[in-house]
Structure formats: C-alpha cells, structure tokens
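Overview (structure and organization)
Chain by chain, the residues:
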Amino acid sequence: MTAAATATETATLSVSGRTLALPVVTGTEREKALDIARLRTATGYITLDPGFGNTGACASGITFLDGERGILRYRGFPIESLAESATFTETAYLLIYGNLPSRRELEQFSTRLAERAALPDGMERFFDLFPKTAHPMAVLSAMVTILSTYSPALLNPYPAREEMDEAILTLLAKVPTLAAYGYRRAQGLPVVPPRRDLSYTANYLQMIFGAPSPDPAIVQALRQILILHADHEQNCSTSTVRLVGSSRANAFSSVAAGVSALWGPLHGGANQAVIEMLETIQRDGGDYKKFVAMAKDKASTFRLMGFGHRVYKNFDPRSRIIKKACDQVLGTLGVQDPLLDIAKHLEEAALKDDYFITRKLYPNVDFYSGIILRAIGIPTNGFTVTFALGRLPGWLAHWKEMLESPGMRIGRPRQVYVGPAERPYVPLSQRG
Ligand code: SDX
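To keep things clear, this report deals only with the structure shown in the data block. Treat the numbers as computed from the prediction; the structure is a model and nothing was measured.

A look at the pattern of salt bridges
Counted according to the given criterion, the structure contains 18 salt bridges. One connected set of salt bridges, linked through shared partners, spans E115, R116 and E166.

Right under this line is the structure:
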C-alpha cells in the first residue's frame, strides 16, 4: 500500500526577483503543503526549519492527527473506538496492513505471532552480560540489534514482500519476549517463556510477572495503553525509524534506533519522568504549586513532564482516555495512589495558569499513563519499554509504507553553514 500526495493547485513564490510556481498538495483531511522538491534547483534557496515544526517529511496513509481539534485516527478509525473495542493485535494488523482484519486474518496473524514469540536458542545468554542497573531501554535497543544477528535472511536491503512480512512478524512477536526477559533477568528472576494460549497482551504480562493467568482487569488496562501508544504519525522515534530505514538498513536496525529515540525524556521517556516528578513533589510535602512556578521559571531547566506537545494545542485525546481509565483501573484493582491526586492538582493548577494557557500546554499521553502502569505493577524504569511495545506496530507500519513508496530516497536534510569562512592551515610550529 503506497502513500502519495497529488498536487491540487499551485502557489507562487517570489525570491530574488524571480517567481516560482510551487505545487500545492492536499491531504485527505484538506491539509495543504507546498511541494518544494524543486526549490533549490530552481532558486538556489533551501528552507530552514529547526525541529521540523513546519516541514512534512512524507505523505502517509497510516495515522491522521489534528492538533487543534484533538483528533487521532489510525487508518481512519478514531482512537476512541479502537481503545474501547479493539484488541492490540487487531490494531497492529490495522496499522501495518491498512484495514481491520477479518476473523480468519486475525486468527492467522495471532497464530503466526504466537509461533514466533520464543527467542532463538542461546540468545537468552546476552541478558546476563548487562549490568543489573542497565536501563531497560538500553537493553531493549541492544537486544533488538542482537536479534538481527540471528535473522540473516531478514536483512535484505531490498526485501521481497514475504521477507518484509517475516521481519515484521519476527519483531512484533519477539520484542515483548525481549522486554519481559530483560525485566526478569534484571530482577535476578528466571525467565518465563511465552505461551501460545494467551492473547498478545496477556502473554506479555505472564512473561513479566509469571502469573499463569493475568488478572483480566490488568490485561484490559494494558490493552488500552498499548493501543493508545501504537502510532502517532511523524513523531521523533517514528521519524528516526524512517530515516534509518531510508538508507535501506533493515527493520531490526530501524526499530533499535526508534527505541533509542523514544528513550529521551522529551519523548517516550516522559512517562518515567512524570512519575519521578510526582514522587519528588510527594517527598517535598505535596506542594505542587511550587513545581508549577519552577516550570514557568526560565532560569530553571525544570519542565512539567507530561505537559505540552508539538502538535496537540488543545488537548491530547489519548490523555483524556487514560485519565478516565485511571480512576476505573485503580478502582477495579483496589489501588489508592496518592500520586494520582497530586497529578490531578498539578493539572488543575497548570490549566488555570496563564503561562500554560498562552503556550497551549496541556497534559499529553505521558501525564497519566505512568499511574496506570504503576497500578499494574510495572516498575518505573520499565514504563518507556511498555511505550516501545505499544509503538512497535506503528514503527513497522511506517517502515513498510516507506519501502513500498515509489521513488523512496535516502533521507538527507540540508543545512545553512554558519562556521568560519575559508582560512589557510597554520603549521603547529607557528601556533604557539
Ligand atoms: C510524546 O510528537 C509526538 O507525537 C510525541 C508523542 C508520541 O505519541 O509519539 O505524543 C509522545 O513524546 C509526548 C511528549 C512527552 N514529553 C514531555 O511531556 C516533556 C515535557 N514537554 C516538553 O518538553 C515539550 O512540551 C515537548 C517536547 C513535548 C514539545 O516541545 P516543543 O514543541 O519543541 O515546544 P517548545 O520546547 O518550543 O516549548 C514552547 C514553549 C517554550 O516556552 P517559551 O520559550 O515560548 O517561553 O513552551 C514551554 C517552552 O519553555 N514549554 C514548557 C513545557 N513544554 C513547553 N514549559 C514548561 N513545561 C513544559 N512541559
């Protein structure tokens, strides 16, 4: 399934006394973009857009976001309906193959994943080479790369459809096992092998906690969390997966790079940073107003973690769903978490504060997700691994879409050079 945008009108650019007709492409939801593919050839100019806030890297048919209206849809299906009714495996299939699977397609996909969940013989040894204090995201990224050494047939730079599908199935099936084994070995516990009789989400939980039949309420909570994290168009880690994949490196190295990008506290690492922030506020006597003031103080590097978003300037629809689920999940599990009250007070204070209002800073997906992950029993430094597990189908869908796009090229941005002009070499003897 390829994604292409077609020119619907033209815009005129006047620069250095010349005018250039730029094609304008229009997306499904009427978004418009200037196609500047010929800009440098025609004018000698490039564009400059640090952080790519105004720059579209590609046309994609996978996920639609509307930051002003708080809309998130996977292949046209609203996130609210998928979080309510879909399974994570169904959502993964939808993102990767473009449509909701039939019963038979879903059964076949689930079976193929279950058949591939075990690790290759001998690979488990690597877990014991990491320091027990290693961050789980470092372990996960490393183990995904190590997995590629056991899959030589899936590293073809120009994979056939079957090879692409097999790489996707292998990663989707084995990454939960890698994540769970990493957790168990770091705790000094024996690994719990994957089972074929459980759903994808339940299987992950039993590999982590060793419970033969995970609590259905916990399975439901994690199902929703994984679905809400499954894709988010051209975010930092997905753009990383695309950029690495654009050199025709394989799916394993692209996903390993995506894990590393997600680790950062400004991105997926925020869910861990939110809980650490709430624990700091709790230790500090719960004075959340002091921390709101710190977040506004330009002299401080402190930011209200879990707040703000490059795209959502009204509300993050995922945060609304997770906040609602917090009360339900904690109630069902009989968990009282004082951090939830602190989070709610923090949100209330920030949403009334002009600093946050004028900058359109609202809770994002990471603000409440850690509360649920804590209630499930996942350790704080394992939150971002869970985010990676959720985002994996999105990364794979974008990798596949990019490879299937006609005229796919290696990503290689330009720059504006602001360093020294040409100058002669000075021999060491003359440099004092
Ligand atoms: C995710 O892209 C995606 O889709 C990501 C994601 C996904 O699903 O893939 O949604 C997941 O990564 C969510 C974001 C998680 N990160 C955090 O919660 C970290 C805290 N938030 C920020 O650091 C920040 O809001 C970002 C990184 C999310 C967005 O950064 P931008 O778009 O580059 O915004 P910015 O840094 O330019 O901030 C604009 C202004 C600045 O103030 P001024 O210079 O205008 O005075 O807002 C301020 C910032 O200082 N600001 C904050 C703030 N976030 C922005 N001030 C205090 N606390 C914050 N959290």
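Let's talk about the nonpolar core
Note that soluble globular proteins tend to have their nonpolar side chains buried in a common cluster. Core analysis: the biggest nonpolar cluster contains 115 residues, and L172 and L278 have the highest contact counts within it. Ignoring any residue separated from it by four or fewer positions in sequence, one finds L172 in contact with A92, I96, F109, L113, Y200, L392, P393 and L396.

Quick notes on the site of the ligand
The local shell around the ligand holds 24 residues, among which H232, R303, H309, R310 and R318 are the closest. Contact between the ligand and H267: an oxygen atom at 2.9 Å from a side-chain N or O atom of the residue. H309 is positioned with one of its side-chain polar atoms (N or O) 2.6 Å from an oxygen atom of the ligand. Relative to its unbound accessible surface of 1,100 Å², the ligand loses 77% to contact with the protein. Across the shell around the ligand, the residue classes tally to 10 nonpolar, 7 polar and 7 charged.

Things to note about the side chain of T43
Examined against the element boundaries, T43 turns out to sit in helix α1 (residues 39–43). From its side chain, T43 meets the backbone oxygen of L39 in a polar contact 2.7 Å long. Excluding anything up to four places from it in sequence, T43 contacts V15, R18 and L20.

Here's the deal with the packing of aromatic side chains
Throughout the structure, instances matching the rule amount to 10 aromatic pairs. Centroid distance Y93 to F109: 5.2 Å. Interplanar angle 80 degrees. Geometry classified as edge-to-face. In this pair, Y93 is assigned in helix α3 (residues 88–97) and F109 in helix α4 (residues 103–115), connecting sequence segments 16 residues apart. A residue is classified by how much of its surface remains accessible, and Y93, at 13% relative accessible area, is buried. When its relative accessible area of 4% is taken as the criterion, F109 is described as buried.

Structural notes on the pairing of strand β1 (residues 7–15)
Here β1 pairs with strand β2 (residues 18–26) via 8 bridges, running antiparallel. Bridge pairing links A11 to L22 in β2. Between β1 and β2, which follow one another and run antiparallel, lie 2 residues, and S16 among them has a positive phi close to 50 degrees.

Things to note about the packing of helix α6 (residues 161–186) against helix α7 (residues 200–209)
The geometry of α6 relative to α7 is characterised by a closest axis approach of 8 Å and an angle of 20 degrees between their N-to-C directions. Compared by their axis directions, α6 and α7 come out roughly parallel. Considering only the axes of α6 and α7, their crossing is right-handed. Taking contact as the criterion, the partners of L172, P176, T177, A179, A180, Y181, Y183 and R184 in α6 are, on α7, Y200, Y204, M207, I208 and F209. Looking at the contact of α6 with α7, its residues break down into 11 nonpolar, 1 polar and 1 charged.

Describing a nonpolar patch on the surface
Taken together, the side chains of L48, V416 and V418 define a hydrophobic patch exposed on the protein surface, amounting to about 330 Å² of accessible area. Of note, V416 is situated in the segment after α17 (383–403). The exposure class of V416 is partly exposed, given its relative accessible area of 44%.

As for helix α16 (residues 365–376)
The end-to-end C-alpha distance of α16, which contains 12 residues, comes to 17 Å, matching closely the 16 Å that a straight helix rising 1.5 Å per residue would cover. Along α16, 11 of the 12 residues are buried, which leaves the element largely enclosed by surrounding structure. V365, D366, F367, Y368, S369, G370, I371, I372, L373, A375 and I376 are the residues of α16 that are buried. Elements that come into contact with the buried residues of α16 comprise α7, α8 (216–228), α11 (270–283), α13 (317–333), α14 (338–351) and α17. Among the residues of α16, the N-terminal cap falls to N364, whose side-chain oxygen and the backbone nitrogen of D366 are separated by 2.8 Å.

Concerning the pairing of strand β5 (residues 71–74)
In this structure, strand β4 (residues 63–66) lies alongside β5, joined through 4 bridges in antiparallel fashion. Paired with T63 across the strands is Y74, a residue of β5. Connecting the antiparallel pair β5 and strand β6 (residues 77–78) is a turn made up of 2 residues, with R75 showing a positive phi of about 50 degrees.

A look at unusual backbone geometry
One non-glycine residue with positive phi stands out, namely E233, at about 45 degrees. By secondary structure assignment, the location of E233 is in the loop between α8 and α9 (236–245). The phi dihedral of K360 falls on the positive side, at around 55 degrees, and the residue is not glycine. Turning to its location among the elements, K360 is positioned in the loop between α15 (354–358) and α16. Judged by relative accessible area, K360 falls into the partly exposed class, the value being 42%.

Side note on the sheet that holds β4
The strand order β4-β5-β6 describes an open sheet built from 3 strands, whose pairing is antiparallel. With one partner strand each, in any of the chains shown, β4 and β6 form the two edges of the open sheet.

A closer look at the packing of α11 against α17
Look at α11 against α17: their axes get within 7 Å of each other, and the N-to-C directions meet at 150 degrees. On the basis of the axis angle, α11 is roughly antiparallel to α17. Along this stretch, α11 crosses α17, giving a crossing that reads as right-handed. Packed against α11, whose contacting residues are N271, Q272 and I275, the element α17 presents F383, T384 and F387 at the interface. Among the residues forming the contact of α11 with α17, the class breakdown is 3 nonpolar, 3 polar and no charged.

Here is what the cut-offs are and how they apply
- Residues numbered from 1 in each chain as written.
- Predicted model: local features only at pLDDT ≥ 70, side-chain atom pairs only at ≥ 80, totals over all residues.
- Heavy atoms only, no water.
- Salt bridge = Lys/Arg side-chain N within 4 Å of Asp/Glu carboxyl O.
- Core = buried A, V, L, I, M, F, W, Y, C linked by side-chain atoms within 4.5 Å.
- Buried < 20%, exposed > 50% of the residue type's maximum accessible area, 1.4 Å probe, protein only.
- Contact = heavy atoms within 4.5 Å.
- Near = heavy atom within 4 Å.
- Polar contact = N/O pair within 3.5 Å; in protein donor to acceptor, adjacent residues only side chain to side chain.
- Areas by Shrake-Rupley, 256 points an atom, 1.4 Å probe, with all protein chains shown as cover.
- Nonpolar A, V, L, I, M, F, W, Y, C, P; charged D, E, K, R; others polar.
- Helix = DSSP H or I, 4+ residues; strand = E, 2+ residues; numbered from the N terminus.
- Phe/Tyr/Trp six-rings, centres within 6.5 Å; stacked < 30°, edge-to-face > 60°.
- Pairing = 2+ DSSP bridges.
- Axes fitted to C-alpha atoms, helices over the stretch in contact; angles between N-to-C directions.
- Parallel < 35°, antiparallel > 145°, perpendicular 65-115°, else oblique.
- Left-handed = near helix turned anticlockwise from the far one by under 90°.
- Patch = residues over 30% accessible without salt bridge, like charges linked within 9 Å, V, L, I, M, F, W, Y side chains within 5 Å.
- Expected span 1.5 Å × (residues − 1).

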